[in-house]
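Commentary on secondary and tertiary structure
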Amino acid sequence: MVTGSGGGKPADWCVTVHGGAGELPLEQRQPHAEGCAAAVRAAGEVLAAGGRALDAVELAVRVLEDDSKFNAGTGACLTESGTLELDASIMNGAELASGAVCSLPPFKNPIAIARAVLDDGRHILYAAEGASRFAIEKGFAPASPETMITPAVRARFERGSVVAESYAGSTVGAVARDKNGHVAAATSTGGTFFKRSGRVGDTPIIGAGTYADDDAGAASATGLGEAIMRVCLTKATIELLRHGMPVEEAARFAVMLLEMRGLGPGGIVLVDPHGAFGYARTTQTMSWAALSSNDPAPQRGF
């Protein structure tokens, strides 16, 4: 089943976030939607003041990384060894500049390190110990695992549930269009629960979990990373926008592709070059929120 919608009206600026595709228990759905609303409020302040889409998506994802309800940053899920290995990426649609980290040990805000990779410009993706060295060189301090592993995550790990439970919260991401017509996207995750050490999903892979191009739009994906990588989901979806497909229709078509091929669950949020947004999911829930120059308050849902 594919579910989705969006705001088809153009806007001077727009930001949309997701809190991950999954199967949230009923009592968690509204709090997750409110967490997403807090992220778009913060990003909306940047955009309303004439700020850059790139800064807005980084801030939105930082807000979600700091919210322990979500599987990114603080509260991220654990590997089968009981450790944190964090992935994040960010992309600027103006220059197609990108930055990403994967298998990063505990640092408070992986998306900020991915942004530092983008700003540094020498490489796009740093992994594991190399990502850690880069972060320290750029002034980021490693975090104590105890400050980022929440009691709820530790308890779930101790139950030893490898595949039975869908992680409540999942990957987080944001897309935005600013007043100057530039778009950006950012995505962050702890990955899949009980993953093997060194496993990397779609989130830090440009064109799979994250993509942005001023000429077509911006996208952030969530779901089973191995499925999303197989179809290069965000790049494929942006190409639909480039060829004129309406943003809501493109979002639905993208995740329908995962469903039709039987690859696994997924969801996506999009913004087009005109400031219209769309979202879609194949899962029971995907917390999301959106805010634009057309609306005085965030839209939200799950």
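Before any of the text, the structure's been laid out above.
So, a few notes on the structure that sits alongside this text. (Residues numbered from 1 in each chain as written. Predicted model: local features only at pLDDT ≥ 70, side-chain atom pairs only at ≥ 80, totals over all residues. Heavy atoms only, no water.)

Concerning the pattern of salt bridges
Two side chains that carry opposite charge are able to pair once their charged atoms sit near each other. Tallied over the entire structure, the rule returns eleven salt bridges. We note a salt bridge from glutamate 58 to arginine 115, for which the minimum N-O separation is 2.9 Å. With glutamate 58 in helix α2 (residues 53-65) and arginine 115 in helix α3 (residues 110-120), the pair connects residues that are 57 residues apart, well separated along the chain. Since its relative accessible area comes to 9%, arginine 115 is described here as buried. Here aspartate 120 makes a salt bridge to lysine 138, at a shortest N to O gap of 3.0 Å. On the criterion of sequence distance, the pair formed by aspartate 120 in helix α3 and lysine 138 in the loop between α4 (128-137) and α5 (145-148) is long-range, its members being 18 residues apart. (Salt bridge = Lys/Arg side-chain N within 4 Å of Asp/Glu carboxyl O. Helix = DSSP H or I, 4+ residues; strand = E, 2+ residues; numbered from the N terminus. Buried < 20%, exposed > 50% of the residue type's maximum accessible area, 1.4 Å probe, protein only.)

Some thoughts on the packing of aromatic side chains
In the structure shown here, the tally under the stated rule is five aromatic pairs. Geometrically, the ring pair formed by tyrosine 126 and phenylalanine 134 is stacked, given 4.6 Å between the ring centres and 20° between the ring planes. Each member of the pair tyrosine 126 and phenylalanine 134 is classed as buried. Ring geometry for phenylalanine 277 and tryptophan 288: centres 6.3 Å apart, planes at 40°, overall tilted. (Phe/Tyr/Trp six-rings, centres within 6.5 Å; stacked < 30°, edge-to-face > 60°.)

Side note on the pairing of strand β10 (residues 266-271)
Two faces make up the sheet, and in a regular strand the side chains alternate between them. Within β10, six of the six residues are buried, leaving the element largely enclosed by the surrounding structure. Because side chains alternate across β10, one face comprises the buried residues Gly266, Ile268 and Leu270, and the other comprises Gly267, Val269 and Val271, equally buried. Examined bridge by bridge, strand β9 (residues 217-223) and β10 share six bridges and lie antiparallel to one another. By the bridge assignment, alanine 218 is partnered in β10 with valine 271. Where β10 lies against strand β11 (residues 277-281), five bridges are found, and the strand directions are antiparallel. Bridge pairing in β11 places valine 271 opposite phenylalanine 277. (Pairing = 2+ DSSP bridges.)

Quick notes on the packing of α2 against α3
The relative placement of two packed helices is expressed as an angle between their axes plus a distance between the axes. One way to put it is that α2 packs onto α3 with a least axis distance of 8 Å and a crossing angle of 155°. Compared by their axis directions, α2 and α3 come out roughly antiparallel. Between α2 and α3, the residues in contact are Leu54, Asp55, Glu58, Val61, Arg62 and Glu65 and Pro110, Ile111, Ala112, Arg115 and Leu118, respectively. Among the residues making up the contact of α2 with α3, the classes are represented as six nonpolar, no polar and five charged. (Axes fitted to C-alpha atoms, helices over the stretch in contact; angles between N-to-C directions. Parallel < 35°, antiparallel > 145°, perpendicular 65-115°, else oblique. Contact = heavy atoms within 4.5 Å. Nonpolar A, V, L, I, M, F, W, Y, C, P; charged D, E, K, R; others polar.)

Everything listed here is a matter of geometry and, on its own, says nothing about what the molecule does.
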